[in-house]
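Single-letter residue listing:
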Amino acid sequence: MADMRSRMQAVRSLDWLYDPKTRGLIFQVALVLALLILGYEIVTNTAENLKKQNLASGFGFLGKTASFDISQTLIEYRSTMSYGRAFFVGLLNTLLVSALGIVLATLLGFAIGLGRLSQNFIVARLSTAYVEVVRNVPLLLQLFVWYVGVLRAMPMPQQSLALGPAHIDVRGVHLPRAMLQGDVGWILVVALLCGLAWALVLARWARRRQIETGQTFPAAAAGLGLLTGLPLLALVLLGMPVGLDYPHLGRYNFEGGLTIEPEFLALLAGLTFYTAAFIAEIVRSGIEAVPRGQKEAAAALGLRPWQVQRLVVIPQAMRVIIPPLTNQYLNLTKNSSLAVAIGYPDLVSVFAGTVLNQTNQAVEVILITMGVYLAISLATALAMNWFNARMALVER
Amino acid sequence: MRLLTFILAVALLAQPAGAKTLDDVKSRGELRCGVNTGLAGFAAPDDTGQWRGIDADFCRAVAAAIFGTAAKVKFVPLNAKERFTALQSGEVDLLSRNTTWTMSRDTSLGLTFTGVMYYDGQGFMVRKSLGLAKVEQLAGASICVQTGTTNEQNLADYFTTRNLSYRPVVFERLDEAISAYNSGRCDSFTTDSSQLISERTQLPNPDDSVILPELISREPLGPAVRQGDDQWAAIVRWVHFAMLNAEADGVTQKNVEELMSSPNPEIRRLLGLEGGFGAGLGLSNDWAVAILKAVGNYGESFDRNLGSGSRLAIPRGLNALWKDGGLHYPPPIR
């Protein structure tokens, strides 16, 4: 008996080991420890190998002189500036093409997505054909089509195509650049801010009046008018201190004005048309996900067709559209790194390309580049999640 | 992505280069040699898939010195951006890829350059119709250049110091840069003058383009190995010197067999008949005989790939031996 009891006690003292909660905790702690050890090993092993191979390491290289030039710079940059400056030039180029690509792909994608649902036979079929062709051809090939097939086929600067004051040639699109004369920039900014404040107040007033009286007011159109009208009014009052810098043909190239490089145009076109095909499908599926009864009910309430779309269908469709749309925005941003194939100076081409090659600090450069793409993606996702939360159905 | 693989290899796996590259190559049974992805005269595959060029010949010469046969080479084509990482991570044993010997590359990349294979300088190719005579006249022009090269930096330096403007158009691959120049995207294409000569012959209309006579930089091109393996560096260095010494002594691919009975002590030392010079490198004493039988001396390799015996027909110029007015002055084998 005594023997039996002591054995029972021994088993009971191990009971905690068989508790699923405790076990789960043990495994989780073990996993975290293993991950920490792995991370530590990677870092120390890398540092040790770099040292043994006599490779330079650390981030001091960012302050050294870059001594190479970049074709498209949004901020002032010369080859005598630092690698750190070159990094920002590349980063801004990536952000520019991504942001413009997202806006244009969204507009085109919505248009084609609605087109697929159109009653018009030709519009619907053309939209379907667009989606099926464009989304099934690799993006890299499409970039080459735009760059080599379209933009390289343009004439030399001396035989450029003139469209009014603009010129198109194999070196890009040359536009007149608006130049403010004198120190009037701050007045325009103030006018713009006034317009913004006025538009917001107007929108609030319009909403309240509609709730109270049921009368509607075109607040969106009026707001847009205020935003553009006030700065314009300010310019007129100041006596139009705006000069246009026209591009003129130099010995080799168009000088002055604003030149949009063909590499940028090719990348923007490729990203826009490719992503728009995916967005179109997302929009179509989102709208088709709204039950037919919703439209019929809205119509029964006496709403006009465009009111049915704007007030009933699209708000509900957006809830289906936004999450996959976020994925497309992230894809577009990451796909912009294909720029390297056609010579557009984006972050990967400038920083993970030229800078990496000149400093050869591959580990640091790739870490920074990955960190930047992660940050851009997380910021995009965060913004879209906020937007999604605003559009979500409010449960009562 | 290949570059990322290399970086991971450096980060996680790569073992530091000890004094054992020769052992690794011997036990593997082949030399892994990093060459250009395709540059006629230096390294490019021919119609039958054989790698041709002075850099490819040098890979064969090193393999012949080690194995006695030139066949035991694996050519690894690398673009300008990948080349150093490939050597550092151990993917190749030897980089023989028209690479400019510069101080930063020699001191902070973990590399050792073993000599100068070809004395080059950076030049400019322009369309003949422009009627240019000097590089300075390119102020304001669009200029195509390959990224990850010293050319990119020389170009910036040249125009910055003269306070002139230009528009760089930068491509990752040489063929993209050439095609951009050819389609009119750029007014000029710049790279090492030997490459300009080579690429000009590949243009659809070579006669429409000219190479400006002015060179804006010194580009001593040479092979490189990993730092920290003195024996391996010595082997690569002396394979090159043996080819130069052979030219100076008149030993060629054809006459090497009959010169085995030569009374000339210089030739006897080169061919391993006197002194035990091969053993000092960890090789057999007839190491140089194998090199000469495989690819011939430096002059022969030059003529066959770049000089009078090739389509490029580049004059020897700086690349002649010292006694013919060039810069090649090999230390003697003694």
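Residues numbered from 1 in each chain as written. Chains lettered and ligands numbered in written order. Predicted model: local features only at pLDDT ≥ 70, side-chain atom pairs only at ≥ 80, totals over all residues.

Enquirer: Give me the sheet that holds strand β9 (residues 142–146) of chain B: which residues, what numbers.
Expert: Residues and elements named next belong to chain B. The five strands lie next to each other as β10-β9-β11-β8-β12, forming an open sheet whose pairing is mixed. Pairing within the sheet leaves two strands with one partner each, and these edge strands are β10 (167–171) and β12 (209–211). In this sheet, neighbouring strand axes are inclined to one another by 25 degrees on average, regardless of whether the strands run parallel or antiparallel. Where β9 lies against β10, five bridges are found, and the strand directions are parallel. (Pairing = 2+ DSSP bridges. Helix = DSSP H or I, 4+ residues; strand = E, 2+ residues; numbered from the N terminus. Axes fitted to C-alpha atoms, helices over the stretch in contact; angles between N-to-C directions.)

Enquirer: Please give an account of the interface of chain A and chain B that cites residues and values.
Expert: Frequently, the measure chosen for interface size is the accessible area removed from exposure when the parts meet. Across the boundary between the two partners, chain A contributes 34 residues, which contact 38 residues of chain B. Of the residues assigned to the side of chain A that touches chain B, the class counts are twelve nonpolar, 16 polar and six charged. (Contact = placed C-beta atoms within 7 Å. Nonpolar A, V, L, I, M, F, W, Y, C, P; charged D, E, K, R; others polar.)

Enquirer: Could you give an account of the packing of helix α11 (residues 305–335) of chain A against helix α13 (residues 362–391) of chain A, naming the residues involved and the relevant values?
Expert: Residues and elements named next belong to chain A. Between α11 and α13, whose axes approach to 10 Å, the crossing angle comes to 175 degrees. As the angle between them shows, α11 and α13 are arranged roughly antiparallel. Where α11 abuts α13, its residues P315, M318, R319, I322, P323, T326, Y329, L330, T333 and K334 lie against Y373, I376, S377, T380, A381, M384, F387, N388 and M391. Along the lines of polarity and charge, the residues of the contact of α11 with α13 split into twelve nonpolar, five polar and two charged. (Parallel < 35°, antiparallel > 145°, perpendicular 65-115°, else oblique.)

Enquirer: Explain the confidence of the model for chain B to me, using residue names and the numbers behind them.
Expert: All names here are of chain B. Here chain B shows a mean pLDDT of 91. Residues at 70 or above account for 94%. Mean pLDDT values over the elements of chain B span from 56, in helix α1 (residues 2–13), up to 97, in helix α3 (residues 54–67). When the criterion is pLDDT under 50, residues 13–17 qualifies, and its contacts beyond four places in sequence or with other chains add up to 13 contacts. Across the assembled chains, the prediction reports ipTM 0.79 with pTM 0.83. (pLDDT = per-residue confidence, 0-100.)

Enquirer: Describe the domain arrangement of chain A, and please don't skip the residues or the numbers.
Expert: Segmentation of chain A into domains returns domain 1 (2–52), domain 2 (83–160 + 259–391) and domain 3 (177–245). The centre of domain 1 of chain A, based on its C-alpha atoms, is set 64 Å off from the matching centre of domain 3 of chain A. (Domains from an automatic or database assignment.)

Enquirer: Mind laying out the environment of A389(A), listing which residues take part and the relevant values?
Expert: All names here are of chain A. Inspection of the secondary structure puts A389 in helix α13. Residue A389 is classed as exposed on the basis of its 9 C-beta neighbours within 10 Å. Sequence separation of A389 and R78 is 311 residues, and the distance between their C-alpha atoms is 44 Å. (Buried ≥ 20, exposed ≤ 12 C-beta atoms within 10 Å, placed from the backbone.)

Enquirer: Account for the domain arrangement of chain B, naming residues and giving values.
Expert: All names here are of chain B. Parsing chain B into structural domains produces domain 1 (2–119 + 220–323) and domain 2 (122–217). Its C-alpha centre places domain 1 at a distance of 29 Å from the equivalent point of domain 2. The interface is formed by 14 residues belonging to domain 1 together with 14 residues belonging to domain 2. By residue class, the composition of the side of domain 1 that touches domain 2 is seven nonpolar, five polar and two charged.

Enquirer: A description of the sheet that holds strand β8 (residues 258–260) of chain A should follow, citing residues and the corresponding values.
Expert: All names here are of chain A. Spatially, the four strands line up as an open sheet ordered β1-β2-β3-β8, and their pairing is antiparallel. Looking along the sheet, the strands with just one partner apiece sit at the ends: β1 (161–163) and β8. Recorded for the sheet is a direction-independent mean angle of 20 degrees between the axes of neighbouring strands. When strand β2 (residues 166–169) meets strand β3 (residues 172–175), the two strands line up antiparallel, connected through three bridges. Residue D169 lies in a different strand from β3, and its bridge partner there is G172.

Enquirer: Lay out the pairing of β10(B) with the relevant residues and their values.
Expert: Burial within β10(B) is extensive, with five of its five residues counted as buried. Taking the sense of rotation as the criterion, the β-α-β connection linking β9(B), helix α6 (residues 150–161) of chain B and β10(B) turns out right-handed. (Right-handed = clockwise from strand over helix to strand, strands pointing away.)

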